[in-house]
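Report on the structure
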Amino acid sequence: MPLEDGDPARWRGQQVNGEVSGTPHPWGTGDPPHRGTPAPDGSRTEAMAEDWEPGPALGGRDVTPGGVLQRAGQEPGRQEEALMAELSELVQKVVKSSSWWERHGVDISILACSFLLLPAGFLCLRSAQAIPFLAGVLTLGVVHHTLTVKGSHLASHNALTESKSWGKVWAVFFIELCSAFTAEQGTYNHVKIHHGYTNVIGLGDSSTWKLPFLNRYVYMFIAPLVVPIITPLVALDLLRNVEWKAALRTLCCMFLGLYCHYWLLLNVSGFQSPWSALLCMLLTRSLLAHPYIHVNIFQHIGLPMFAADRKPKRIHLMSLGVLNLPRNALLDWSFGHSLISCHVEHHLFPSLSDNMCLKIKPVVSQYLKQKKLPYNEDTYASRLRLFLRRYEELMVHAPPITELVGIQ
C-alpha cells in the first residue's frame, strides 16, 4: 500500500556497502518533464522543495524506516510529518542563531575570491613555460567550476541572498552568463523536479545523467570531457519551452559569456590561433567535469527508487534516496558542501547555503540516526568501484520500484 496514504510501511531490504541487497536492481533511463508538464501532486511537493523557511551509514545495519513507524497509536503519515516538523524546528533554531556571515557571507566570499583569481589565471597563460601555463589552466578550471557549479547551484535555490529579486538576477548571471545554460529550465528541472521528486522514477530519478549506449569506461572517463560542448547544445534545445523574451535573454547571456572567455584568451592570454583558444576553453571548462558527472550519479543512483504514487513522505524520501560523500578540499571549494558532504542536509533543507548545510550537519545526522532513519554515507572510491562493477545494472537497465509493504 502507498506510504503516502498513511499506511504502516517499511522498506524491504538493506543497504550494505552502498548496495541494496535482495532483488537485483537494474536501473534505466527517462527524462524529467520540462516546464509545463504536470507532475503528480506537483503544487504541494514543489512548494515543499523550494520554499522551506528558516538526508545511513552504509554498513551492515538495518536502515528500514520501520523502527520509527511502529509506535502504537500514531498514524505513520502523521508521524512522518511530525518527524519532519521536529527536525525543521531544530534546524531553524540553528539558522536563527547564525549570523549573516554564516548564512550567506562565507559562500559569497568564496565566489568573490574566484572572480579575483580570474586575472591571474589569464595572465599565467601568457607564459611560454610549462609550470606557469599549467597553473593558469588549473586556476581557470577551478574558478570556472566554482562559478558554474557552486554559484549556479546556490543561485537556483536562492541561497545567495534573502531577496527573491536579487536571487533571480544571480540565477541569470551564474546559470546563463557563466554556465551557458537556461535559468528557467535549469531551475525548474533541478528545484521543482529533482528536489521535489528525489528518486521517483520518471521524475527526479537522475535519469538525465544516464547514457546507456556508452560503455562504462567511455561514460565514466571520456564522456565528461565533452560536457562543455553538450551543455549549451542542451540549453538551446530547452529554449523551446520558455517564453521568447526569456529565450532571447538566455541566448544573449550565453553568447556573451562564451565570447568573453574566448576574447580574453586571445587578447589577454595571447593565444595566436582561434583553435588554440577554443581548445584551451574546452580544457579549462572540462577540468573538473569527471567529478562533476560522478558526484551527480554517485549520490542518488543505486539507492531506493519509488513510483510517483507510492513514494514515502519527505523525510523518508530524502533519507533513503540521498547519499553524502566525504569532505574534499578541492570539491568543497568548487562544488560546495551541499553537493559533496552535506547532500542529505541539502535535500532536506534546499534553501540553505553550503556553509549552513555544513553547520546543521551534526544536528541532522544525529537526529536521523536517533530516530533509526537512514543516513547514507560512502567514499568516492567506493562508489566509483561500485559503478564500474555494476554499470549495466545501475546505468543501463530500468530501475525497479522499491517495495513498501505494511507491517504490524
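As the structure is a prediction and not an experimental result, all values here were calculated from the model.

**A few points about the overall build of the protein chain**
Scanning the protein chain from terminus to terminus reveals 17 helices and 6 strands. Taking all 408 residues of the protein chain together, 53% fall into the buried category. When the accessible surface of the protein chain is split by element, carbon and sulfur atoms take 63% of a total near 17800 Å².

**Some remarks on the UniProt feature "transmembrane region" (unreviewed entry) in the protein chain**
Per the UniProt record, the feature "transmembrane region" (unreviewed entry) sits at residues 217-239 and 246-264. With 78% helix and 0% strand, residues 217-239 has its two end C-alpha atoms placed 32 Å apart.

**Quick notes on the packing of helix α3 (residues 100-124) against helix α15 (residues 354-370)**
Axis separation between α3 and α15 bottoms out at 7 Å; the angle between their running directions is 130°. Between α3 and α15, the interaxial angle falls into the category oblique. Along its contact with α3, which presents Glu 102, Arg 103, Val 106 and Asp 107, the element α15 presents Asp 354, Asn 355, Met 356 and Lys 359. The class makeup of the residues in the contact of α3 with α15 is 2 nonpolar, 1 polar and 5 charged.

**Here's the deal with the pattern of salt bridges**
Any two side chains of opposite charge can pair if their charged atoms end up close together. Under the criterion given, the structure shown has 10 salt bridges. Counted as one network, the salt bridges with shared partners bring together Asp 107, Lys 150 and Asp 354.

**Considering the nonpolar core**
Generally speaking, a soluble globular protein has its nonpolar side chains buried in company with each other. Counting 30 residues, the largest nonpolar core has Ile 315, Leu 348, Phe 349, Val 364 and Leu 368 as its most contacted members. Secondary-structure elements contributing two or more residues to this core are α2 (76-96), α6 (183-195), α12 (314-321), α14 (343-348) and α15.

**Comments concerning α6**
Burial within α6 is extensive, with 11 of its 13 residues counted as buried. Among all positions in α6, only Ala 183, Gln 185, Gly 186, Thr 187, Tyr 188, Asn 189, Val 191, Lys 192, Ile 193, His 194 and His 195 are buried.

**Some points on the packing of helix α11 (residues 289-298) against helix α16 (residues 380-389)**
Running from amino to carboxyl end, α11 crosses α16 at an angle of 80°, the nearest separation of the two axes being 11 Å. When the interaxial angle is binned, α11 and α16 end up roughly perpendicular. Residues His 290, Pro 291, His 294, Val 295, Ile 297 and Phe 298 of α11 form the contact with α16, whose participating residues are Tyr 380, Arg 383, Leu 384 and Phe 387.

**Things to note about the confidence of the model for the protein chain**
Residues with a pLDDT of 70 or more make up 80% of the protein chain, whose mean pLDDT is 84. Taken as a whole, residues 1-74 scores under 50 in pLDDT and shows 225 contacts with residues more than four places along the chain or in a different chain.

**Describing a nonpolar patch on the surface**
Nonpolar side chains collect at one region of the surface, where Tyr 217, Phe 221, Ile 222, Leu 225, Val 226, Ile 229, Ile 230, Leu 233, Val 234, Leu 236 and Leu 251 lie side by side and expose about 960 Å² of accessible area between them. For the nonpolar patch, the secondary structure elements donating two or more residues are α7 (216-222) and α8 (227-238). The biggest single contributor to the nonpolar patch is α8, with 5 residues. Mapped onto the elements of the fold, Leu 251 is located in helix α9 (residues 244-267). Leu 251 gets classed as partly exposed once you look at its relative accessible area, which sits at 39%.

**Looking at α9**
Given a rise of 1.5 Å per residue, 24 residues ought to cover 34 Å, and the 34 Å separating the end C-alpha atoms of α9 matches this to within 8%. Of all the positions in α9, only Ala 246, Ala 247, Thr 250, Cys 253, Met 254, Gly 257, His 261, Tyr 262 and Leu 265 are classed as buried.

**A closer look at the packing of aromatic side chains**
Aromatic ring pairs are defined here through the distance separating the ring centres and the angle between the ring planes. Scanning the entire structure with this criterion turns up 14 aromatic pairs. Note on Phe 133 and Phe 271: the rings are 6.4 Å apart at their centroids and 55° apart in plane angle, and the pair reads as tilted. Taken together, the positions of Phe 133 in helix α4 (residues 130-156) and Phe 271 in the loop between α9 and α10 (274-285) put the pair 138 residues apart, joining distant regions of the chain. An aromatic cluster is defined as three or more aromatic residues linked by ring pairs; in this entry it consists of Phe 115, Trp 166, Trp 170, Phe 173 and Phe 174.

**A word on the environment of Asn 215**
Inspection of the secondary structure assignment puts Asn 215 in the loop between α6 and α7. Asn 215 gets classed as partly exposed once you look at its relative accessible area, which sits at 42%. Residues Asn 215 and Glu 392, spaced 177 residues apart in sequence, show a C-alpha to C-alpha distance of 8.4 Å. Within the local environment of Asn 215, its side chain forms a polar contact with the backbone nitrogen of Tyr 217, the two atoms lying 2.9 Å apart.

**Some details on unusual backbone geometry**
Positive phi outside glycine occurs at Asn 158, with the angle close to 55°. Position of Asn 158 relative to the elements: it lies in the loop between α4 and α5 (164-178). Positive phi, close to 60°, is recorded for Asn 199, a residue that is not glycine. Along the chain, Asn 199 turns up in the loop between α6 and α7.

Reading the values: rules and limits
- Residues numbered from 1 in each chain as written.
- Predicted model: local features only at pLDDT ≥ 70, side-chain atom pairs only at ≥ 80, totals over all residues.
- Heavy atoms only, no water.
- Helix = DSSP H or I, 4+ residues; strand = E, 2+ residues; numbered from the N terminus.
- Buried < 20%, exposed > 50% of the residue type's maximum accessible area, 1.4 Å probe, protein only.
- Areas by Shrake-Rupley, 256 points an atom, 1.4 Å probe, with all protein chains shown as cover.
- UniProt positions renumbered as here; feature names shortened; annotations may be inferred.
- Axes fitted to C-alpha atoms, helices over the stretch in contact; angles between N-to-C directions.
- Parallel < 35°, antiparallel > 145°, perpendicular 65-115°, else oblique.
- Contact = heavy atoms within 4.5 Å.
- Nonpolar A, V, L, I, M, F, W, Y, C, P; charged D, E, K, R; others polar.
- Salt bridge = Lys/Arg side-chain N within 4 Å of Asp/Glu carboxyl O.
- Core = buried A, V, L, I, M, F, W, Y, C linked by side-chain atoms within 4.5 Å.
- pLDDT = per-residue confidence, 0-100.
- Patch = residues over 30% accessible without salt bridge, like charges linked within 9 Å, V, L, I, M, F, W, Y side chains within 5 Å.
- Expected span 1.5 Å × (residues − 1).
- Phe/Tyr/Trp six-rings, centres within 6.5 Å; stacked < 30°, edge-to-face > 60°.
- Polar contact = N/O pair within 3.5 Å; in protein donor to acceptor, adjacent residues only side chain to side chain.

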